[in-house]
Amino acid sequence: PAHPQTQFLLGQVFLTSEDFARAKTYFLDVVDRLPNLIEARLNLGHALQGLNQHPEAIEHFEAAIALDSKSSHAHNNLANSLSTLGRYEEALTAYNCAINLDASLAMAHINLGNTLRLMGRYGKAMESFNKGLAIEPDNTSALNGLGLAQQAFNKHTEAIETFKRAIALDDRYPESLNNL
């Protein structure tokens, strides 16, 4: 077999091109040979998420956290899979851990907002989206989530303005176009 570094780089190429099945194969090989390489665990988890294999992704994100409990990205990614599986309370804990480790991680705030919105906690969701937008003001995903939370919270005028702002940033952003 090829050197683990080569396998890792090939896995990254396939992950970037969203060929998740091939990325999984390469990262599994790296993890088998170098089980303590946190980056391989994280990338394998990403590939598994792309394949909608969230229970397996959770295993690898938890292994990454066991290797480095201060990895905000590992906690955020773990929370994403937990949320996808409807394990919202566990996801909230993991998102908050990611934010406590790195308050500048915009995606953790945005992902937390999405989970809170799914739970019907629209006020808290809007707070999280606004924190994410304070870090990344042009994040169309955050704007779309904020607009949906505003809509659910009966702030229709604000929601329309938020969706328009997202569309102004990317007029091909289908979620905001559909929600407007």
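Peer 1: So what's going on with the nonpolar core? Residues and values would help.
Peer 2: Counting residues in each nonpolar core, the largest one holds 43 residues, and the members touching the most others are Ala 23, Phe 27, Leu 42, Leu 78, Leu 112 and Phe 129. In contact with Ala 23, not counting residues within four places along its chain, are Gly 11, Phe 14, Leu 15 and Ala 47.

Peer 1: Before we move on, can you summarise the environment of Ala 168 with the specific residues and values?
Peer 2: Relative to the helices and strands, Ala 168 resides in helix H10 (residues 156–169). Ala 168 sits in the exposed class, given a relative accessible area of 69%. Separated by 28 residues in the primary sequence, Ala 168 and Thr 140 have C-alpha atoms spaced 9.4 Å apart.

Peer 1: An account of the packing of aromatic side chains is requested, with residue identities and associated values reported.
Peer 2: We describe a pair of aromatic rings using the distance from one ring centre to the other and the angle between the two ring planes. In total, this model carries two aromatic pairs according to the counting rule given. On the numbers, 5.5 Å between centres and 15 degrees between planes, the contact of Phe 14 with Tyr 26 is stacked. Separated by twelve residues along the polypeptide, Phe 14 in helix H1 (residues 4–16) and Tyr 26 in helix H2 (residues 20–33) bring together distant segments of the chain. Look at Phe 14 and you get buried, because its relative accessible area is 13%.

Peer 1: Tell me about the pattern of salt bridges, residues and numbers included.
Peer 2: Tallying each qualifying case throughout the model produces four salt bridges. We note a salt bridge from Arg 22 to Asp 19, for which the minimum N-O separation is 3.8 Å. By relative accessible area, Arg 22 is classed as partly exposed at 43%. A salt bridge links Glu 89 to Arg 121, with the shortest nitrogen-to-oxygen separation between them at 2.9 Å. One end of the pair, Glu 89, is in helix H6 (residues 88–101); the other, Arg 121, is in the loop between helix H7 (106–118) and helix H8 (122–135), with 32 residues separating them in the sequence. What makes Arg 121 partly exposed here is its relative accessible area of 36%.

Peer 1: Let's hear about the environment of Ala 98: which residues, and what values?
Peer 2: Here Ala 98 shows up in helix H6. Owing to a relative accessible area of 0%, Ala 98 belongs among the buried residues under this scheme. Taking the C-alpha atoms as reference, Ala 98 lies 9.2 Å from Asn 77; in sequence the two are 21 residues apart.

Peer 1: For helix H9 (residues 140–152), give the residues involved together with the corresponding values.
Peer 2: Taking 1.5 Å as the rise per residue, H9 with 13 residues should run 18 Å; its terminal C-alpha atoms sit 18 Å apart, in good agreement. Most of H9 is tucked away, with ten of its 13 residues classed as buried. Within H9, the full set of buried residues consists of Thr 140, Ala 142, Leu 143, Asn 144, Gly 145, Leu 146, Gly 147, Leu 148, Ala 149 and Gln 150. One side-chain oxygen of the residue at the start of H9 lies 3.0 Å from the amide nitrogen of Ser 141, identifying that residue as Asn 139. Positioned one or two residues after H9, Asn 154 has a phi angle of 65 degrees, which is positive.

Peer 1: I'd like a rundown of unusual backbone geometry, residues and numbers included.
Peer 2: Within the chain, Glu 18 stands out as a residue other than glycine whose phi angle is a positive 60 degrees. Looking at the secondary structure, you find Glu 18 in the loop between H1 and H2. For Glu 18, a relative accessible area of 58% puts it in the exposed group.

Peer 1: Break down helix H4 (residues 54–67) for me, with residues and values.
Peer 2: Residue pairs spaced three or four apart in an α-helix point in one direction, given the helix's 3.6 residues per turn. Look at H4: 20 Å from first C-alpha to last across 14 residues, which is about the 20 Å you get at 1.5 Å a residue. Along H4, the residues that are buried comprise His 54, Ala 57, Ile 58, His 60, Phe 61, Ala 64 and Ile 65. Check the buried side of H4 and you find it contacts H2, helix H3 (38–50) and helix H5 (72–84).

About the thresholds
Residues numbered from 1 in each chain as written. Predicted model: local features only at pLDDT ≥ 70, side-chain atom pairs only at ≥ 80, totals over all residues. Heavy atoms only, no water. Core = buried A, V, L, I, M, F, W, Y, C linked by side-chain atoms within 4.5 Å. Buried < 20%, exposed > 50% of the residue type's maximum accessible area, 1.4 Å probe, protein only. Contact = heavy atoms within 4.5 Å. Helix = DSSP H or I, 4+ residues; strand = E, 2+ residues; numbered from the N terminus. Phe/Tyr/Trp six-rings, centres within 6.5 Å; stacked < 30°, edge-to-face > 60°. Salt bridge = Lys/Arg side-chain N within 4 Å of Asp/Glu carboxyl O. Expected span 1.5 Å × (residues − 1). Polar contact = N/O pair within 3.5 Å; in protein donor to acceptor, adjacent residues only side chain to side chain.

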